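Structural description and commentary
Single-letter residue listing:
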Amino acid sequence: MATSATICELSQHVGQTVTLRGWLYNSRSSGKLMFLVVRDGTGLCQCVLEKTDATAGLFETARRLGQESSLAVTGTVRADPRSPGGHELAVSDVVIVQNAAGYPITPKAHGVEFLMQRRHLWFRSQRQWAILRVRHTVVEGIRQYFNEHGFILIDTPIFAPAAGEGAQTLFAVDYFGEPVYLAQTGQLYVEAAMMAHRKVYCFGPTFRAEKSKTRRHLTEFWMVEPEIAYADIDDVIALAEDFVEFVVRKCLRERRTELEMLGRDLAKLEAVRKPFYRLTYSQAAEILHSDRVRQMLIADLEQAKARVAELTKLIADKEAERTAAGVKEWKADKLAQEIMDARDELADQEEAVHNIPHHIELAANFEWGSDLGGSDETIIARLHEKPVFVTHYPRACKAFYMKRNADDPRIVNNLDLLAPEGYGEIIGGSQREDDLNVLLERLKEDGLKEADYEWYLDLRRYGTVPHGGFGLGVERTVAWICGLKHIRETIPYARMMGRIYP
RNA sequence: UCCCCGAUAGCUCAAUCGGUAGAGCACCCGGCUGUUAACCGGGUUGUUGUAGGUUCGAGUCCUACUCGGGGAGCCA
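Below or above, wherever it landed, is the structure these notes cover. Source: prediction; values computed, not measured. (Residues numbered from 1 in each chain as written. Chains lettered and ligands numbered in written order. Predicted model: local features only at pLDDT ≥ 70, side-chain atom pairs only at ≥ 80, totals over all residues. Heavy atoms only, no water.)

Here's the deal with the overall build of chain A
Along its length, chain A carries 15 helices and 17 strands. Referenced to the eigenvectors of the C-alpha coordinate spread, the extents of chain A come out at roughly 90 × 55 × 50 Å. Residue burial in chain A is summarised as follows: out of 502 residues, 48% are buried. Within chain A, contacts between residues separated by at least 24 positions form 68% of all contacts whose residues are at least 6 apart in sequence. When the accessible surface of chain A is summed, it comes to about 24500 Å², and 52% of that surface belongs to carbon and sulfur atoms. Both charge centroids of chain A, one from 63 positive and one from 72 negative side chains, sit 6 Å from each other. (Helix = DSSP H or I, 4+ residues; strand = E, 2+ residues; numbered from the N terminus. Buried < 20%, exposed > 50% of the residue type's maximum accessible area, 1.4 Å probe, protein only. Contact = heavy atoms within 4.5 Å. Areas by Shrake-Rupley, 256 points an atom, 1.4 Å probe, with all protein chains shown as cover. Lys, Arg positive; Asp, Glu negative; His and termini not counted. Charge placed at Lys NZ, Arg CZ, Asp CG, Glu CD.)

Right under this line is the structure:
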């Protein structure tokens, strides 16, 4: 009777006979030798079945197994560098749990829509498997950091009576005949709890009805929001910096294999060490207006254009070569693949050629007083190889609860953290306005009803202190750490504009 | 709300100027004892997103709509 084992622990069973229970990921056969690539949730293992008189029946059965058939494979473990994972199984028995036929996600290329429509199956693919394991570690890192630093977890409500900020971006829900909204932040609630526990955080899903169809947006995403008492903006920045460094280093430590599977450039993550860069909003505005940025974007545009021309020619050449008479079939296949890759890149580069002139204009015409746009953030982040804090925005483009700057009343003590490599804003936060009268003034300025915020104003009436906090978006952070092009792969079931299935 | 792009076999994509819709993969049969999205030979595969229009003739041109992708605004 063979002992059962999981693939991730095979190195401890070399020379032993074990049983793996999992699913058939892929199989290849060459006459009298068959390779069954099995996954069991902990990894992949190549199982080798030799056709002998004794295994002839087994061989025939295994040959007919469809992709993702569930099975138990028994065999002897041996180390072999040719197997994914480094160990393989010399098969002595295969027990079929279910022979699955027609699994739709083949080892070949598929489009995004096809895969998103089959998200419930896509999880099984290696790349998705790796991403969700990194997500797990990011989430664990978040909890670990705050729990180990004396923060108390406060769960904030998902049904919220009114807007925290702009009401236009909220999902309305019928609550026994009353309109309520799905929370887009727990911040105000967490501030109240902070006055009781000094250091607190909330962590959960949050909802935004923004009609944004971009690679950075979800309508339902996870956010962690710490809040600390007796703190000014510098204390909040120091916390954010220490926290982000911790999460990145934990992933590098515990998910190196997965990050490598994703092809992540680990050197870029290794560089994420304190201190991060700091810019004020006014400095960022100056940078956007600078000739340096203009030249950089023009160079980008020229490069993208050159690349488009290059790729167009490359595709035409390869296409001609592929369809020419007398081309070997394997060569034609290889060319077809190269053409496909080139087309993907061409689409991206054409997009860039289309967008960059607009981005140049946005940067050049940037006016002090308006918020930084997505493309502006990308420009600022691209000039730095580590995360960048942008601080002290004009108060007109920020929420009412942000602390007015003592030296310059036009600005507030807020902070955004921009991830490098164009991943955009992963943190937004601020020191909070602790002065009751200034807060009342700001409510009025923003046209908000004082009555809706009575309980919040109590926090300024009874023992107000300087305090602050921030929110970190989990999915954007995971996309950055994994080096993904799109945020939709960082959450098990993405909720986006126009996607609510499965 | 606005701008750009797309929809052809189960999947990924071709189809020149408007002229008989095609390839690879998947699947089935056969071959192959070290494969790595294995490979080689043979076979099966279509309401060209929907509705209308132009034309002798539309996958191709025009209009509207639906769905999807990317971007602006907004934002984590």
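Concerning the packing of helix H9 (residues 281–289) against helix H12 (residues 374–382)
Here H9 crosses H12 at 90 degrees, and the two axes come no closer than 10 Å. Taken together, the axes of H9 and H12 are roughly perpendicular relative to one another. Residues Ala 284, Ile 287 and Leu 288 of H9 touch H12, and the partners they reach there are Asp 376, Ile 379 and Ile 380. Along the lines of polarity and charge, the residues of the contact of H9 with H12 split into five nonpolar, no polar and one charged. (Axes fitted to C-alpha atoms, helices over the stretch in contact; angles between N-to-C directions. Parallel < 35°, antiparallel > 145°, perpendicular 65-115°, else oblique. Nonpolar A, V, L, I, M, F, W, Y, C, P; charged D, E, K, R; others polar.)

Thoughts on the sheet that holds strand S8 (residues 159–160)
Strand order in the open sheet formed by three strands is S8-S10-S9, and the pairing between neighbours is antiparallel. At either margin of the open sheet sits one strand with a lone partner, and together these are S8 and strand S9 (172–175). Sheet topology note: the S9/strand S10 (residues 178–182) ladder contains four bridges and is antiparallel. Bridging from a neighbouring strand, Tyr 175 pairs with Glu 178 of S10. (Pairing = 2+ DSSP bridges.)

A look at the pairing of strand S2 (residues 17–29)
Here strand S1 (residues 3–5) runs beside S2; their pairing, made up of three bridges, is parallel. From the neighbouring strand, Ala 5 faces S2, where its bridge partner is Leu 20. Pairing geometry for S2 and strand S5 (residues 70–79), over seven bridges, is antiparallel. In the strand pairing of S5, Arg 21 is matched with Ala 72. In this structure, S2 lies alongside strand S3 (residues 33–39), joined through six bridges in antiparallel fashion. Opposite Arg 28, over in S3, you have Phe 35 as the bridge partner. Between S2 and S3, which follow one another and run antiparallel, lie three residues, and Gly 31 among them has a positive phi close to 75 degrees.

Observations regarding empty space enclosed by the protein
Here the idea is plain: a probe the size of a water molecule rolls over the atoms and shows the empty space left. Within the structure shown, the criterion is met by three cavities of 30 Å³ or more. Taken as a whole, the largest cavity encloses approximately 50 Å³ of empty space. In terms of residue class, the lining of the largest cavity is made up of three nonpolar, three polar and two charged. (1 Å grid on protein atoms, 1.4 Å probe; cavity = no way out; pocket = protein on both sides within 12 Å on 5 of 7 lines; lining within 4 Å. Points joined across faces, edges and corners; volume = space filled by probe spheres on them.)

Focus: the sheet that holds strand S16 (residues 424–431)
If you walk across this open sheet you meet the eight strands as S7-S11-S12-S17-S16-S15-S14-S13, and the pairing is mixed. Since the sheet does not close on itself, it has two edges, and those belong to strand S7 (152–153) and strand S13 (277–280), each with one partner. By the bridge criterion, four bridges tie S13 to strand S14 (residues 388–391) in an arrangement that is parallel. Each bridged residue has a counterpart across the sheet, and for Tyr 277 the counterpart in S14 is Val 388. Lying on the sheet, H9 is in contact with S13 and S14; it crosses S13 at an angle near 85 degrees.

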